[in-house]
Amino acid sequence: MKVKSHQKFEGIYYTGFGDQYRLFTKNIDKGHIVYGERVLLEGNDEYREWNPYRSKLAAAIMNKARNIYINKDTTILYLGASSGTTVSHVSDLTKNTIYAVEFAPRSIRELIQNCVSRENVIPILADANFPELYAKFIFEEIHVVYVDIAQPNLTDIAIVNCKKYLKEGGILIHAIKAKSIDVVRPIQQIFNDQILKLEEAGFEIMEKINLAPYSRDHLLIIARFFQNKT
Amino acid sequence: MKGYILETPVGLLVINQKGIVMDNFLSEILNDENLLYFLLNDVKIHEVPLFSEFLEELNKKKYDLVTETKSMKTLLEPFFQGNITISPLDSVFREQRSNLTEILNTIGITYSYDELTKISRRNAKRMSRDLIRESGQNSDVHIINAVGVLENTTKFINSYAIQLREWYGSHFPELSDKLVSDIELYAKIVSIYEKRDAITADRLVSELQVKEEYAKEIEIQAKNSMGGDLTDSQLAAIRIFSKNILVLVDFQKSLEKSVNDILKELTPNLFVLLGTQLTGKLISHANGLDKLAKMASSTIQVLGAEKALFRALRKKTDSPKHGVIYTWPHIRSAKYWQRGKISRLLSGKISICAKVDYFHGDFIGDKILEELEKKIAEIKERFPEPPKIEKKKEMGYSSKNKKELARKKEHHLSKSKYKSGVKKQGRR
């Protein structure tokens, strides 16, 4: 099967159509896979399959996101890196640095092992509630803040981090898991609350993508941030 | 004059609001790449001669310092005479951090993008590694794992025991769980004697320290057995299986002892109150003693019953009475209408004990256990009869629920009418 490059997004490839539609990224760390994903070989290149059930960003692309704002010149602050599933694909997409912040020692143990030869990933063990704690590792302007945390106050965390690091007009990619905020309230109400919170903090919502059927009760928000709007 | 202390991968910069470097303390000058890392994690930094020079310079110029982190403030405070404020969200930091390479250029230091990435990556990895190492030394992790293994081992032994009894039962069915209830003894008999003819009372007494009367009974049963004969190779297979079970039993015992020792030392109060298994289970469900100590007692009460709790929250029914603490003997043996009360009582005491243990307080476990038993006796005295359910149900439903019930009833009735109508039509 031959991989073709994606119509919209640079660095992303696909094969098949319909049910057989699969996303791929070109592996920068040749000979290594991260989470047991399928690999296609073509000439000298390796293409790793990007599983939308494991990665919310891939799910958003499968659900026809208009733009993900990640290309080869994007610097990313990634909160909630976990063991590095999505991080590895993002590091395939961009040549710039990814600051991967994760709070659980157990997960970052795997993240470090997974990113041994991915030179552009900086694994940071820190609490994202306090963004100043990892200021000493960041030496440039952040273009995209990607938030994928399962905490009740995840929107507050996203806002604080954007205020501290994100450039004027930068992008926030915000994955909300409704069940980690409240198990009782209706899901739509929870999403609306988070969106309101973002808008009050000076975000302009660009896109809202429901991640069903890949992740249940998840919403991926893409928003543009203006520091001086509030 | 305001001086912003900017923390960078290569060292400290003191800048003003316009991003002009006033002072610096950089690793390049010191020829130590990991300097910043040490700076933030080592208290002995002020002994570095160049750092004390840097501090003197700061004092001379009488800055109003602004720092990003608390740790930077605590580091500088003892040596700096002026004001230090913490302001992590100050826009100066964000703006100046974004053109850091240019700022470094102005003081004649050039780093390429890749070099900076490398340095930052090494610092971050080093910090993460140290913290991971620290968390690996945490004894909670060991308890959680050991308790998990212990639980699984017990499960394996139980299921193997059933299979061994079944298998050897074809040869010697009288050696049932009524005659030999202890699986260890059973496995020993199988592994030593293999054939039932070899089992004699004398050998049982001398080799396995079985009581004489009991041994005689086993011998009689062995002689009059109705089991079939097995070939040597079949018996050998059974023997290997039984030996493996014995290994597992030994392992279980030694593991239990080591977990016991750890828990006695780490959580003496909880241990007295709950015993090994339950203490370990609670810690592993809470994911660490520190988290257990921070929990409310109502959370502890339903720990391990999360599924039922969330179901109850969603459907607005009664929440579960108990989670893992159900295995506590007093709760399990109590009547169903007393269990909720007792588990509420117990979870309160657990929360007290966990807090005392976490902060290394005095030993109060025996007192609390006494108090608990007294109160449980009280509860049993006060509520000897089950509550009248019908009355309680009526009181429990709000008017809204009543309406809903009525609506459901109506719906159900109309459905049944429809069904009966269909039937009647069929009959005709």
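Model, not experiment: these values are computed from the prediction.

(A) Layout of the environment of Pro186(A). Residues and elements named next belong to chain A. With respect to the helices and strands, proline 186 occurs in the loop between α5 (178-181) and α6 (187-200). A residue is classified by how much of its surface remains accessible, and proline 186, at 49% relative accessible area, is partly exposed. Separated by 101 residues in sequence, proline 186 and threonine 85 have C-alpha atoms that sit 30 Å apart.

(B) A look at the interface of chain A and chain B. Tallying the contact residues gives 34 residues for chain A and 31 residues for chain B. Overall, the association of chain A and chain B removes approximately 3000 Å² of surface from exposure, summing both partners, and the carbon and sulfur fraction of that is 65%. Three residues, Lys136(A), Phe139(A) and Lys164(A), lead the burial of chain A against chain B; their summed loss comes to 25% of the area buried on that side. The interface formed by chain A and chain B contains two salt bridges. At the junction of chain A and chain B, the tally comes to 14 residue pairs in polar contact (both at pLDDT 80 or more). Contributions of two or more residues to the side of chain A that touches chain B are made by α3 (105-114), β8 (121-125) and α4 (154-165) of chain A. Here the side of chain A that touches chain B takes five residues from β8(A), the largest share from any one element. Taken together, the residues of the side of chain A that touches chain B sort by class into 21 nonpolar, four polar and nine charged.

(C) Focus on the side chain of Asp357(B). All names here are of chain B. Tracing the sequence through the fold places aspartate 357 in helix α19 (residues 336-358). It turns out aspartate 357 is buried and unbridged, and the closest side chain with the opposite charge, lysine 355, is 11 Å from it. At 3.1 Å, the side chain of aspartate 357 forms a polar contact with the backbone nitrogen of leucine 270. If near-sequence neighbours (up to four positions away) are discounted, aspartate 357 is found in contact with Leu266, Thr267, Pro268, Asn269 and Leu270.

(D) Summary view of the pattern of salt bridges. Residue and element names in this part refer to chain A. All told, the structure shown has 31 salt bridges over all chains when counted by the stated rule. Put simply, lysine 179 and aspartate 217 hold a salt bridge, and the shortest N to O gap is 3.3 Å. Placement of lysine 179 in helix α5 and of aspartate 217 in the loop between β11 (203-210) and β12 (218-225) is noted, with a sequence separation of 38 residues between them. Under the relative-accessibility criterion, lysine 179 is labelled partly exposed at 33%. Between arginine 185 and aspartate 182 there is a salt bridge, with its nearest N and O atoms 3.9 Å apart. By relative accessible area, arginine 185 is classed as partly exposed at 29%. The structure contains a network of salt bridges with shared partners spanning Glu37, Arg48, Asp92 and Arg118.

(E) Inspection of the domain arrangement of chain B at higher detail. All names here are of chain B. Segmenting chain B into domains produces domain 1 (2-136), domain 2 (142-259), domain 3 (267-382) and domain 4 (398-427). Centre-to-centre separation of domain 2 and domain 3, based on C-alpha positions: 36 Å. Each partner contributes to the interface: domain 2 provides six residues, whereas domain 3 provides eight residues. When domain 2 packs against domain 3, close to 610 Å² is buried across both sides, 74% of that on carbon and sulfur atoms. At the boundary of domain 2 with domain 3, the tally comes to zero residue pairs in polar contact (both at pLDDT 80 or more). Considered class by class, the residues forming the side of domain 2 that touches domain 3 number five nonpolar, no polar and one charged.

(F) Spotlight on the nonpolar core. Counting residues in hydrophobic clusters, the biggest one holds 58 residues, and the most contacted among them are Leu77(A), Leu79(A), Ile124(A), Tyr134(A), Val145(A), Phe203(A) and Leu13(B). Beyond its immediate sequence surroundings of up to four residues, Leu77(A) is in contact with Tyr99(A), Val101(A), Tyr134(A), Ile138(A), Ile142(A), Val144(A), Val145(A), Tyr146(A), Asn161(A) and Tyr165(A). Residues Trp50(A), Ile76(A), Cys115(A) and Ala175(A) belong to the second largest nonpolar core, which totals 40 residues.

(G) Quick peek at unusual backbone geometry. All names here are of chain A. Proline 213 follows alanine 212 through a cis peptide bond whose omega is 0°. Looking at the element boundaries, proline 213 is found in the loop between β11 and β12. Even without glycine at this site, lysine 64 takes up a positive phi of about 65°. As for its placement among the helices and strands, lysine 64 is situated in the loop between α1 (56-62) and β6 (76-79).

(H) Inspection of the pairing of strand β2 (residues 11-15) of chain B at higher detail. Residue and element names in this part refer to chain B. For β2, the tally of buried residues reaches five of five residues, placing the bulk of the element in the interior. In terms of strand pairing, strand β1 (residues 2-8) meets β2 through five bridges, oriented antiparallel. Bridge pairing in β2 places glutamate 7 opposite leucine 12. Hairpin connection, β1 to β2: the antiparallel pair is bridged by two residues. Where β2 and strand β3 (residues 21-26) come together, five bridges link them in antiparallel fashion. Note on β3: the bridge partner recorded for glycine 11 is leucine 26. Counted between consecutive antiparallel strands, the loop separating β2 from β3 contains five residues, among which glycine 19 sits at a positive phi close to 90°.

The rules behind these values
- Each chain carries its own residue numbering, running from 1 in the direction its sequence is written.
- Chain letters and ligand numbers both follow the written order, the letters beginning at A and the numbers at 1.
- Two thresholds apply to this predicted model, a pLDDT of at least 70 for residue-level local features and 80 or more for giving and counting side-chain atom pairs, whereas whole-chain, interface and lining totals are computed over all residues.
- Computation of side-chain values: all heavy atoms of the structure, hydrogens and water removed.
- Secondary structure elements are defined from DSSP: runs of H or I of at least 4 residues count as helices, runs of E of at least 2 residues count as strands, and each element is numbered from the N terminus.
- Type-normalised accessible area, obtained with a 1.4 Å probe on protein chains alone, sets the label of each residue: buried when under 20%, exposed when over 50%, and partly exposed for intermediate values.
- Should any heavy atoms of two residues lie within 4.5 Å, those residues are counted as being in contact.
- Accessible-area loss on putting two parts together, using a 1.4 Å probe and summing over both, is the definition of buried area adopted here.
- By convention in these notes, a salt bridge is any Lys or Arg side-chain nitrogen within 4 Å of a carboxyl oxygen on Asp or Glu.
- Pairs of N or O atoms within 3.5 Å make up the polar contacts considered here, provided that, within protein, one atom can donate a hydrogen while the other can accept it, and that residues adjacent in sequence are counted only when both atoms are side-chain atoms.
- Gly counts as polar in this scheme, as do all residues outside two lists: the nonpolar Ala, Val, Leu, Ile, Met, Phe, Trp, Tyr, Cys and Pro, and the charged Asp, Glu, Lys and Arg.
- We treat Lys and Arg as the positive residues and Asp and Glu as the negative residues; His and chain ends play no part in the count.
- Either an automatic procedure or a domain database provided the assignment from which the domain bounds are taken.
- Residues grouped as a nonpolar core are buried Ala, Val, Leu, Ile, Met, Phe, Trp, Tyr and Cys residues, joined through side-chain atoms within 4.5 Å.
- Should DSSP find at least two bridges between two strands, the strands are regarded as paired.

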